[in-house]
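Single-letter residue listing:
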Amino acid sequence: MTRDSYIRVTGLIREYPRRIRFVTLANRILTAVIFLSYPLLLLGLFVEKNPFFVRALIVPAVSFLLLSAVRRAIGAPRPYEKFGIPPVLKKETRGKSFPSRHVFSAFMIAMTLYVHIPWAGVIVGVCGLIIGCLRVAGGVHEPRDVVAGALCAIVCGILFYPIF
C-alpha cells in the first residue's frame, strides 16, 4: 500500500463523521459477535461432554500463540505509522501489523465452528471478511496483513485439526 492509496481508502471514510461512526461501530459489533461465538461454542461442547471440546480449545490456542510469536518477530509497522496519518479506527499500537491478529482470530473461530457446525463457520467466515475490509478501510492494517491473517488461520485449521 502506498501513501496515496492509504489516503484514498481512508479518505472515503475520514471526511464523513457518519462513516467514521459506522466503520467504528461495525468493527466493534462484528468483533464482539465473533468473539462471543467462540466461548458459546466451548460452553455447548463442554455441557454436551463432546470430545471435540479439547480440540476446539487446543488448536486455536496453539495457533494464536504461534501467530503472535511470528507477528512479534516480524514487527511490521502499521499504515498510520508508515505514512504519518492518523487511522480512522482509534489505534495507537506500534508495529505488529502483519499478519492481522483480529482477522486471524475471526478465521480461526470460523474454522473451529466449521468443523463442528459448518453453516455457523461459514457465517463467521463472512463476518471475518467484513472485519478485514473494515480494518483496512479504518487504516489500521494493509490488505496484505488481513489476507495473511485469514490464510494463516485457514492453514492452521487444515493442518492442526486432523493432528489433534
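These numbers were taken from a predicted model, which means no experiment stands behind them.

Caption draft 1: Main features of the overall build of the chain. The number of helices and strands found in the chain is 7 helices and 0 strands. Starting at the N terminus and walking to the C terminus, you meet the elements of the chain as α-α-α-α-α-α-α. In terms of C-alpha radius of gyration, the chain reaches 17 Å, essentially the compact-globule figure of 15 Å for 164 residues. With the principal axes as the frame, the chain shows a C-alpha extent of 50 × 35 × 20 Å.

Caption draft 2: View of helix 2 (residues 17–48). Taking 1.5 Å of rise per residue, 32 residues should cover 46 Å, and helix 2 covers 46 Å from first to last C-alpha, within 8% of that figure. Buried within helix 2 we find Val23, Thr24, Ala26, Asn27, Leu30, Thr31, Ile34, Ser37, Tyr38, Leu41, Leu42 and Leu45. Where the residues of helix 2 are buried, they touch helix 1 (3–14), helix 3 (52–74), helix 5 (101–116) and helix 6 (118–137). The first or second residue beyond helix 2 is Lys49, which carries a positive phi of 60 degrees.

Caption draft 3: Just the packing of helix 1 against helix 2, in detail. Two elements in contact, helix 1 and helix 2, have axes whose closest approach is 7 Å; the angle formed by their N-to-C orientations is 105 degrees. Taken together, helix 1 and helix 2 sit at an angle that is classed as roughly perpendicular. Every residue of helix 2 that contacts helix 1 at Leu12, Ile13 and Arg14 is listed here: Arg19, Ile20 and Val23. Its residues assigned to classes, the contact of helix 1 with helix 2 comprises 4 nonpolar, no polar and 2 charged.

Caption draft 4: Highlighting the pattern of salt bridges. This model, assessed by the stated rule, comprises 3 salt bridges. For the salt bridge of Glu142 with Lys82, the shortest nitrogen-to-oxygen distance reads 2.4 Å. One end of the pair, Glu142, is in the loop between helix 6 and helix 7 (143–163); the other, Lys82, is in helix 4 (residues 79–83), with 60 residues separating them in the sequence. Salt-bridge contacts for Arg144 lead to Glu142; the nearest nitrogen and oxygen are separated by 3.8 Å. Connected through shared salt-bridge partners, Lys82, Glu142, Arg144 and Asp145 make up one network.

Caption draft 5: Just the packing of aromatic side chains, in detail. Scanning the model with the defined rule gives 3 aromatic pairs in all. Arranged with centres 5.4 Å apart and planes meeting at 40 degrees, the rings of Tyr6 and Phe83 form a pair that is tilted. Taken together, the positions of Tyr6 in helix 1 and Phe83 in helix 4 put the pair 77 residues apart, joining distant regions of the chain. Each member of the pair Tyr6 and Phe83 is classed as buried. Lying over the aromatic face of Tyr16, Arg19 brings its terminal NZ or CZ to 4.1 Å of the ring centre.

Caption draft 6: Unusual backbone geometry, seen in detail. In this chain, Phe98 is followed by Pro99 through a cis amide linkage whose omega measures -15 degrees. Structurally, the position occupied by Pro99 is in the loop between helix 4 and helix 5. Positive phi is not limited to glycine here, since Lys49 has a value of about 60 degrees. Here Lys49 lies in the loop between helix 2 and helix 3. Looking at Lys49, the relative accessible area reads 73%, which means it is exposed.

Analysis parameters
- Residues numbered from 1 in each chain as written.
- Predicted model: local features only at pLDDT ≥ 70, side-chain atom pairs only at ≥ 80, totals over all residues.
- Heavy atoms only, no water.
- Helix = DSSP H or I, 4+ residues; strand = E, 2+ residues; numbered from the N terminus.
- Rg over C-alpha atoms; globule rule 2.2 N^0.38 Å.
- Expected span 1.5 Å × (residues − 1).
- Buried < 20%, exposed > 50% of the residue type's maximum accessible area, 1.4 Å probe, protein only.
- Contact = heavy atoms within 4.5 Å.
- Axes fitted to C-alpha atoms, helices over the stretch in contact; angles between N-to-C directions.
- Parallel < 35°, antiparallel > 145°, perpendicular 65-115°, else oblique.
- Nonpolar A, V, L, I, M, F, W, Y, C, P; charged D, E, K, R; others polar.
- Salt bridge = Lys/Arg side-chain N within 4 Å of Asp/Glu carboxyl O.
- Phe/Tyr/Trp six-rings, centres within 6.5 Å; stacked < 30°, edge-to-face > 60°.
- Lys NZ or Arg CZ within 6 Å of the ring centre and 35° of its normal.

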